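Take a look at the letters that make up each chain.
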Amino acid sequence: MQSAAEVLGKFSAQRETPPSMAAAHFINNHGVFVRPNFAQIPKVGARKAPTLCLCSSSSSSVGEKSEVFSVTSSSKCDVDYLGESTKGDLNVKMEHLEAFGIDGQVTLEGPIEEVAKMEAEEAEDLLRKSPFSSRHSPRGIFCTRTLNLRSISAIGYDMDYTLMHYNVMAWEGRAYDYCMENLRNMGFPVDGLAFDPDLVIRGLVIDKERGNLVKADRFGYVKRAMHGTRMLSTRAVSEIYGRELVDLRKETRWEFLNTLFSVSEAVAYMQMVDRLDDGSVAAKVGPLDYKGLYKAVVKALFRAHVEGQLKSEIMSKPELFVEPDPELPLALLDQKEAGKKLLLITNSDFLYTDKMMKHSFNRFLPNDMGWRDLFDIVIVSARKPEFFQTSHPMYEVVTGEGLMRPCFKASTGGVYSGGSAQMVENSLNIHGDEILYVGDHIYTDVSQSKVHLRWRTALICRELEEEYNALIQSRDHRETLIDFINQKEVVGDLFNQLRLASQRRAKGRPAQTLSTTNMDYEELTESMQKLLIVMQRLDEKIAPMLEADGELFNRRWGFLSRAGLWDKSHLMRQIEKYADIYTSRVSNFLHYTPFMYFRSQEQTLAHDSCSHYNWQHDETEASS
């Protein structure tokens, strides 16, 4: 006897999908599922049953052969109870069920939570594996704002550190070398300096006025700081930044390290701060403060990029700089075959883009496909973030050598230079939240595409894999640390109560309780002394453990996403604000399918623990 899933062409429910407000004439993959009447279904003999599930999101192609499914179009879509569009949802047609002798009015029997579990287990058996194992891992895709991929018509990608991941030590190391050579030619002392990528992490902020590098929490309070290459003490940080917040809108002072491309710049600057402080910078360079020094470093690094020596070296030996990812082209192929328009929007020029994409993609694509076959539109020299903000002239690249001609509208299969996001929207007739843009730069890629165009956004942050593993390895350490802190909180609260009792008694007033009011003064004092000693000993345990928290990720700065034990970092706040989803690499989409419904997790509040405590207390009283 066949299962329901086999009869329906191995069609099963997606557990992550909430019900939609679909039309009543069919049963869709958001709503009610039917139990087939097996007695009325013809037996399948030697003739192979047709495959009913066609893997396409095009409504015409879905219905061409068997007309089993229909796809919700833009004109007929609704919104579900989470506010997401139902566009792209796959639907089972009622008339097809009736043709198989299935009563569409008879629903699956039993409590729905049990039915859902049973059907999901059956689907997992068909797949021979659970798709969820890879999701709860460093390769997961994490959701900050609910996103229905089925409603996405086009997906745009950045290239550098997004579709292509560079070896940081190799790429940024060479950028650093070129920067230092340019600084040497400008008269700066650079002998004896070497590239140290562990000196900085993404998400730190350069204070150009003080020559400091700081790590701020989500509110902008500075938690850790380094002057030059020397970490500052907690007391020094408090004295310098205790009365001010990091404000990224003040661009003349603060420089946010948005991407891995910022690593070489920050390392060079912090090392040169040391040279400026020790008087090594010659007078011929001119009078410099920390802000002027930063401008000099940026100028030197900019020349390394503009003069083309760095990219020429990378193009000549891409295997030394690029870390290949065989799964990545396949993830994009799934999206394209699912009916998504794929876009490449990069600031790199055509010759560099073509060379690097051929190296990274072509060998992993099937049937002699080339990288350009994946993309409906390619935009090079895009000049982001201006690409998302204003309109620039657009040119079509018409030869393999990069020869261009002016044009006013992009066509499918074309390669273009410049232009604007609005031109892309008009060319595809796709706008706003129908487009998902994926990039590694918080500001250039994610923030601006969302703020100006309301595109949906995804951030690529390769360091998440290392952080995820470091957090798992630090679990015992953090649990022990939290136990110590909780113990101190209990002891500290008791000490404060006794201190208040002593204060009230000294003023001739009764203490909080009768027992403390009648307690002998020496007994009260002795209890306070003991508790104070206990707190001091707990502090001796807590302080070094708190300092060491996160050192498995970076010994200076701790975890990427956290600022201290309890709070989120400024980087994490930016990610939550601007990125709908975030992950370590684009190929992680391979484990989620192009039809995934990403749901954001519950956000905890400060008073949640109190309500949880009261709930547990009420349950205990009720059971007793």
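As shown above, the structure is provided for reference.
Nothing here was measured: the structure is a model prediction, and the numbers come from that model.

> Teacher, can you tell me more about the sheet that holds strand β10 (residues 222-227) here?
Sheet strands pair by backbone hydrogen bonding; their relative direction is either parallel or antiparallel. Read across the sheet, five strands follow the order β11-β10-β9-β8-β12 without closing on themselves; strand pairing throughout is antiparallel. Each end of this open sheet is capped by a strand with a single partner; those strands are β11 (230-231) and β12 (254-256). The sheet contact formed by strand β8 (residues 205-207) and β12 spans three bridges and is antiparallel. Residue pairing across strands places Asp207 opposite Trp254, the latter belonging to β12. On the sheet, helix α6 (residues 234-241) packs against β8, β9 (212-216), β10 and β12 and is oriented at approximately 100° with respect to β10.

> Is there a simple way to think about the side chain of Thr162 in this case?
Take Thr162: it is sitting in the loop between β6 (154-157) and β7 (165-166). Among the polar contacts listed, one links the side chain of Thr162 to the backbone nitrogen of Asp440, at a separation of 3.2 Å.

> What should I look at first to understand unusual backbone geometry in this one?
It is generally the case that most residues other than glycine have a negative phi and that most peptide bonds are trans. The peptide bond linking Lys384 to Pro385 adopts the cis configuration, its omega dihedral lying at 10°. Relative to the helices and strands, Pro385 resides in the loop between β15 (377-380) and α12 (386-389). A positive phi angle, near 55°, is found at Asn367, a position not held by glycine. Secondary-structure assignment places Asn367 in the loop between α11 (350-361) and β15. Using a relative accessible area of 74% as the deciding quantity, one classes Asn367 as exposed. In this structure, Arg383 takes a positive phi of about 60° despite not being glycine. Structurally, Arg383 is set in the loop between β15 and α12.

> Would you mind going over the packing of aromatic side chains with me for this structure?
Each aromatic ring pair is characterised by the separation of its centres together with the angle its planes make. Counted under the stated rule, the structure contains 15 aromatic pairs. Ring geometry for Phe388 and Tyr437: centres 5.4 Å apart, planes at 70°, overall edge-to-face. In this pair, Phe388 is assigned in helix α12 and Tyr437 in strand β19 (residues 435-439), connecting sequence segments 49 residues apart. Summarising the burial analysis for this pair, Phe388 and Tyr437 share the class buried. Sitting over the face of the ring of Tyr241, Arg210 holds its NZ or CZ atom 5.8 Å from the ring centroid. In this structure, Lys311 is placed above the aromatic ring of Tyr352, and the distance from its NZ or CZ to the ring centre is 4.5 Å.

> Quick question: what am I supposed to make of the environment of Leu82 here?
Mapped onto the elements of the fold, Leu82 is located in the loop between β2 (69-71) and β3 (90-93). Residues Leu82 and Leu147, spaced 65 residues apart in sequence, show a C-alpha to C-alpha distance of 9.6 Å.

> Help me out: how do you make sense of the packing of helix α5 (residues 168-185) against helix α7 (residues 262-277) in this one?
The packing of two helices is summarised by the inter-axis angle and the distance between the axes. Interaxial distance between α5 and α7 falls to 8 Å at its minimum, and their mutual angle equals 40°. As judged from the angle between their axes, α5 and α7 are oblique. α7 is crossed by α5, and the crossing has right-handed handedness. Side by side, α5 and α7 meet where Glu172, Ala175, Tyr176, Cys179, Met180 and Leu183 of the first sit next to Val263, Ser264, Val267, Ala268, Gln271 and Met272 of the second.

> Sorry if this is basic, but what is going on with α11 here?
The α-helix winds at 3.6 residues per turn, so residues separated by three or four positions along the chain end up facing the same way. For α11, spanning 12 residues, the distance from its first C-alpha to its last is 16 Å, which sits close to the expected 16 Å at 1.5 Å a residue. For α11, the tally of buried residues reaches nine of 12 residues, placing the bulk of the element in the interior. By the burial criterion, the buried members of α11 are Phe350, Tyr352, Thr353, Asp354, Met356, Met357, His359, Ser360 and Phe361. Between the side-chain oxygen of the N-cap and the backbone nitrogen of Leu351 there are 3.1 Å, and the N-cap of α11 in question is Asp349.

> Got a minute to help me understand the pairing of strand β20 (residues 456-460) in this structure?
Side-chain direction in a regular strand flips from residue to residue, so the side chains alternate between the two faces of the sheet. Burial runs high along β20: five of the five residues are buried. Judged by which residues are buried, β20 turns out to be covered on both faces: Arg456, Ala458 and Ile460 on one side and Thr457 and Leu459 on the other are all buried. Alignment of β19 against β20, held across four bridges, turns out to be parallel. Among the inter-strand pairings, Tyr437 is bridged to a residue of β20, identified as Thr457. For the crossover from β19 across helix α14 (residues 442-453) to β20, the handedness is right-handed.

> Explain the pairing of β6 here, please?
Here β6 shows two buried faces, one formed by Ala154 and Gly156 and the other by Ile155 and Tyr157. Pairing between β6 and strand β14 (residues 341-345): four bridges, direction parallel. Paired with Tyr157 across the strands is Leu344, a residue of β14. As judged from the four bridges shared by β6 and β19, these two strands associate in the parallel manner. From the neighbouring strand, Ala154 faces β19, where its bridge partner is Ile435.

> I'm lost on the nonpolar core in this one. Help?
Looking at soluble globular proteins, one finds that nonpolar side chains tend to be buried together. Ranked by internal contacts, the top residues of the largest apolar core, which has 112 residues, are Tyr157, Leu163, Leu332 and Phe375. With nine residues, α7 is the single largest residue contributor to this core. Contacts of Leu163, omitting those with residues within four sequence positions, involve Tyr157, Asp158, Leu328, Leu332, Leu344, Met357, Phe361, Phe375 and Val586. Counting residues in each nonpolar core, the second largest holds 21 residues, with Leu343, Ala382, Ile435 and Trp455 among its members.

Rules behind the numbers
Residues numbered from 1 in each chain as written. Predicted model: local features only at pLDDT ≥ 70, side-chain atom pairs only at ≥ 80, totals over all residues. Heavy atoms only, no water. Pairing = 2+ DSSP bridges. Helix = DSSP H or I, 4+ residues; strand = E, 2+ residues; numbered from the N terminus. Contact = heavy atoms within 4.5 Å. Axes fitted to C-alpha atoms, helices over the stretch in contact; angles between N-to-C directions. Polar contact = N/O pair within 3.5 Å; in protein donor to acceptor, adjacent residues only side chain to side chain. Buried < 20%, exposed > 50% of the residue type's maximum accessible area, 1.4 Å probe, protein only. Phe/Tyr/Trp six-rings, centres within 6.5 Å; stacked < 30°, edge-to-face > 60°. Lys NZ or Arg CZ within 6 Å of the ring centre and 35° of its normal. Parallel < 35°, antiparallel > 145°, perpendicular 65-115°, else oblique. Left-handed = near helix turned anticlockwise from the far one by under 90°. Expected span 1.5 Å × (residues − 1). Right-handed = clockwise from strand over helix to strand, strands pointing away. Core = buried A, V, L, I, M, F, W, Y, C linked by side-chain atoms within 4.5 Å.

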